[in-house]
Amino acid sequence: NAGVMQNPRHLVRRRGQEARLRCSPMKGHSHVYWYRQLPEEGLKFMVYLQKENIIDESGMPKERFSAEFPKEGPSILRIQQVVRGDSAAYFCASSPTGGAPNEQFFGPGTRLTVL
Amino acid sequence: GQQVMQIPQYQHVQEGEDFTTYCNSSTTLSNIQWYKQRPGGHPVFLIQLVKSGEVKKQKRLTFQFGEAKKNSSLHITATQTTDVGTYFCARDGGSQGNLIFGKGTKLSVKP
């Protein structure tokens, strides 16, 4: 049973470009969470999605960031017009059920570097 | 949701010594989770505590949840180099299940 998959593992973008991060949850999991981790910091919640629905995006910056989890295919976190401050590790996690409490299974992360 | 505070931020120990990290909240927690992140890796779930005063053990790791459900601790007995990493506690961010992480305690073990 494959774990949570994320790609790319490393992504380099120049300021102003778009970054597109993908996450495939574990088989049987329909709940996806995205977190951002700055160096030497904890993880900060960004958005929670179920298939075709955004459930909670309270941690998402209001501009330039968007997320989706289509009926078919991976969840995608999109960052438009990236800036240097977007450089971070982005992790997605999945769980079989939503709500609390639940164990979350994390993917290997995408390390985004903005030049 | 309220933040959780973790102390210490860093801990350097000699192999074989014990290690403890603490997680504190100003509000009552419904539950607390602990994760470990190896250098360059991703968080891996260790345990979840739900009951007041709960104590759980995993080999050399002992997890406690305070009686008032406002604090928790992780204790490692006789550390090994494989214990190196950052240990995070995490609380519920709300009914939706998102997590609020502490800043973590980074453990280094000198062989």
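The structure this text deals with has already been given above.
Summarised in this report is the structure supplied together with it. (Residues numbered from 1 in each chain as written. Chains lettered and ligands numbered in written order. Predicted model: local features only at pLDDT ≥ 70, side-chain atom pairs only at ≥ 80, totals over all residues. Heavy atoms only, no water.)

Along chain B, the regular secondary structure elements total zero helices and eleven strands. Starting at the N terminus and walking to the C terminus, you meet the elements of chain B as β-β-β-β-β-β-β-β-β-β-β. Against the 2.2 N^0.38 benchmark of 13 Å for 111 residues, chain B shows a C-alpha radius of gyration of 13 Å, consistent with a compact globule. Dimensions of chain B along its principal axes, counting C-alpha atoms only, are 40 × 30 × 20 Å. Across the 111 residues that make up chain B, the buried fraction comes to 47%. Split by element, the accessible area of chain B, about 5300 Å² in all, is 51% carbon and sulfur. Distance between charge centroids for chain B: 5 Å, based on 13 positive and 7 negative side chains. (Helix = DSSP H or I, 4+ residues; strand = E, 2+ residues; numbered from the N terminus. Rg over C-alpha atoms; globule rule 2.2 N^0.38 Å. Buried < 20%, exposed > 50% of the residue type's maximum accessible area, 1.4 Å probe, protein only. Areas by Shrake-Rupley, 256 points an atom, 1.4 Å probe, with all protein chains shown as cover. Lys, Arg positive; Asp, Glu negative; His and termini not counted. Charge placed at Lys NZ, Arg CZ, Asp CG, Glu CD.)

A word on the interface of chain B and chain A. Think of interface size as the accessible area that goes away when the parts come together; that is how it is often given. Listed by partner, the interface residues are 23 residues for chain B and 23 residues for chain A. Of the roughly 1800 Å² buried at the junction of chain B and chain A (both faces included), carbon and sulfur atoms supply 52%. Counting the surface chain B buries against chain A, the share from its top three residues, Gln 96, Asn 98 and Phe 101 of chain B, is 26%. Here chain B and chain A share one salt bridge between them. As a salt-bridge pair, Glu 41 of chain A and Lys 103 of chain B come within 3.8 Å of each other at their nearest N and O atoms. At the junction of chain B and chain A, the tally comes to five residue pairs in polar contact (both at pLDDT 80 or more). When grouped by side-chain class, the residues that make up the side of chain B that touches chain A number seven nonpolar, 13 polar and three charged. (Contact = heavy atoms within 4.5 Å. Buried area = accessible area lost by both parts, 1.4 Å probe. Salt bridge = Lys/Arg side-chain N within 4 Å of Asp/Glu carboxyl O. Polar contact = N/O pair within 3.5 Å; in protein donor to acceptor, adjacent residues only side chain to side chain. Nonpolar A, V, L, I, M, F, W, Y, C, P; charged D, E, K, R; others polar.)

It is worth spelling out the pattern of salt bridges at this point. What the rule picks out here adds up to seven salt bridges over all chains. Salt bridges sharing common partners tie together Glu 18, Arg 20, Glu 68 and Arg 78 of chain A.

Residue and element names in this part refer to chain A. Reading across from one edge, E1-E3-E8-E7 is the order of the four strands in this open sheet, with antiparallel pairing throughout. The open sheet terminates on both sides in strands that have one partner only, identified here as strand E1 (5-7) and strand E7 (65-68). This sheet shows a mean twist of 15° between the axes of neighbouring strands, independent of strand direction. Here three bridges tie E1 to strand E3 (residues 19-24), and the two strands are oriented antiparallel to one another. What sits directly across from Gln 6, in E3, is Cys 23. (Pairing = 2+ DSSP bridges. Axes fitted to C-alpha atoms, helices over the stretch in contact; angles between N-to-C directions.)

We now examine unusual backbone geometry. Residues and elements named next belong to chain A. In the segment running from Asn 7 into Pro 8, the intervening peptide bond is cis, with an omega of -5°. In this structure, Glu 52 takes a positive phi of about 65° despite not being glycine. Along the chain, Glu 52 falls in the loop between strand E5 (43-50) and strand E6 (53-56). Exposure remark for Glu 52: the relative accessible area of 55% places this residue in the exposed category.

A word on the sheet that holds strand E6 (residues 55-58) of chain B. Residues and elements named next belong to chain B. Across the sheet, which stays open at both edges, the five strands sit in the order E1-E3-E8-E7-E6 with antiparallel pairing between neighbours. In the strand order of this sheet, the two ends are held by strand E1 (5-7) and E6, each with one partner. Here the average twist between neighbouring strands, direction ignored, is 15°. Two strands pair when backbone bridges link them, and strand E7 (residues 61-65) and strand E8 (residues 71-76) are joined in this way by five bridges, in the antiparallel orientation.

The biggest cluster of nonpolar side chains holds 23 residues, and the ones touching the most others in it are Trp 34, Met 46, Leu 77 and Tyr 90 of chain A. For this core, the elements supplying multiple residues, two or more each, are E3, strand E4 (31-37), E5, E7, strand E8 (75-79), strand E9 (88-95) and strand E11 (110-114) of chain A. Listed in part, the 19 residues of the second largest apolar core include Leu 49, Leu 74, Cys 89 and Val 109 of chain B. (Core = buried A, V, L, I, M, F, W, Y, C linked by side-chain atoms within 4.5 Å.)

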